[in-house]
Amino acid sequence: MSKSVYWDIRPILSKKPDVAIVVGQRSNGKTYGTLKYFLQNHDKGKFVYLRRWKDDVKVFNSEQLFEPLQAEVEAIFGEGYTVKYDKRKFYLASPGGVKISVLGYLMTLSEASHSKSVPYTNVRYILFDEFIQMAGEPVMRDEKKRFETVINTITRDRTNIQIICV
């Protein structure tokens, strides 16, 4: 078996942390490896992909998030299957493009108050991508409170959710 060139989150999550903070060099596959893990463990629960600003997810088409993982998607679900994005949800889609099931959700801290009443059933993982504020990036007022709001909205009274900050 050849060694993957991308970072692997399995050793960290195998220790069952409530929160994992992962810091490393750029472009070594932290996001890729985490999303791959979510796909491989889709039967254990859904995920939330969290970013700080609404503009963070406008920069790229959210469907593009899974394009680099297409080979992984097909290896797990079958040839021709893809991950589609629509209305803040990531769906597994059949080879014909039909949405089969929700794999995960997209949220931003800047819009946290708009998601309070949405039920995030069966969410097992939260990926807070690019959680470290970049130099020159505007400071978000009440960021800690917004983060707590998002976590409380998703978890409710559940305790089996793992938060991964990369």
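Because the structure is predicted, anything quoted here is derived from the model rather than measured. (Residues numbered from 1 in each chain as written. Predicted model: local features only at pLDDT ≥ 70, side-chain atom pairs only at ≥ 80, totals over all residues. Heavy atoms only, no water.)

This paragraph deals with the layout of surface pockets. Rolling a probe over the atoms, with the probe sized like a water molecule, indicates the empty space that remains. In this model, the largest pocket occupies a volume close to 580 Å³. S27, K30, T31, D129 and E130 are, among the 26 residues lining the largest pocket, the residues nearest its centre. It is helix α2 (residues 30–40) that contributes the most residues to the lining of the largest pocket, 4 residues altogether. The residue inventory of the lining of the largest pocket, partitioned by class, reads 14 nonpolar, 7 polar and 5 charged. (1 Å grid on protein atoms, 1.4 Å probe; cavity = no way out; pocket = protein on both sides within 12 Å on 5 of 7 lines; lining within 4 Å. Points joined across faces, edges and corners; volume = space filled by probe spheres on them. Helix = DSSP H or I, 4+ residues; strand = E, 2+ residues; numbered from the N terminus. Nonpolar A, V, L, I, M, F, W, Y, C, P; charged D, E, K, R; others polar.)

Time to look at the sheet that holds strand β1 (residues 19–21). The mixed open sheet is built from 7 strands, whose spatial order is β1-β7-β6-β2-β5-β4-β3. Looking at strand neighbours, the two that pair on one side only are β1 and β3 (82–86), the edges of this open sheet. Averaged over neighbouring strand pairs, the angle between their axes works out to 25 degrees when direction is ignored. Strands in contact with α2 are β2 (46–51), β3, β5 (99–108), β6 (123–128) and β7 (162–165); relative to β6, the strand with the most contacts, it is inclined by about 170 degrees. (Pairing = 2+ DSSP bridges. Axes fitted to C-alpha atoms, helices over the stretch in contact; angles between N-to-C directions. Contact = heavy atoms within 4.5 Å.)

Turning our attention to the pairing of β5. Sheet topology places β2 next to β5; 5 bridges connect them, and they run parallel. Bridged to R51 within β5 is T108.

Tracing the chain through its elements places E143 in helix α5 (residues 143–155). Taking relative accessible area as the criterion, E143 reaches 19% and is therefore assigned buried. E143 has contacts with R52, L109, F128 and Q133, leaving out every residue within four places of it along the chain. (Buried < 20%, exposed > 50% of the residue type's maximum accessible area, 1.4 Å probe, protein only.)

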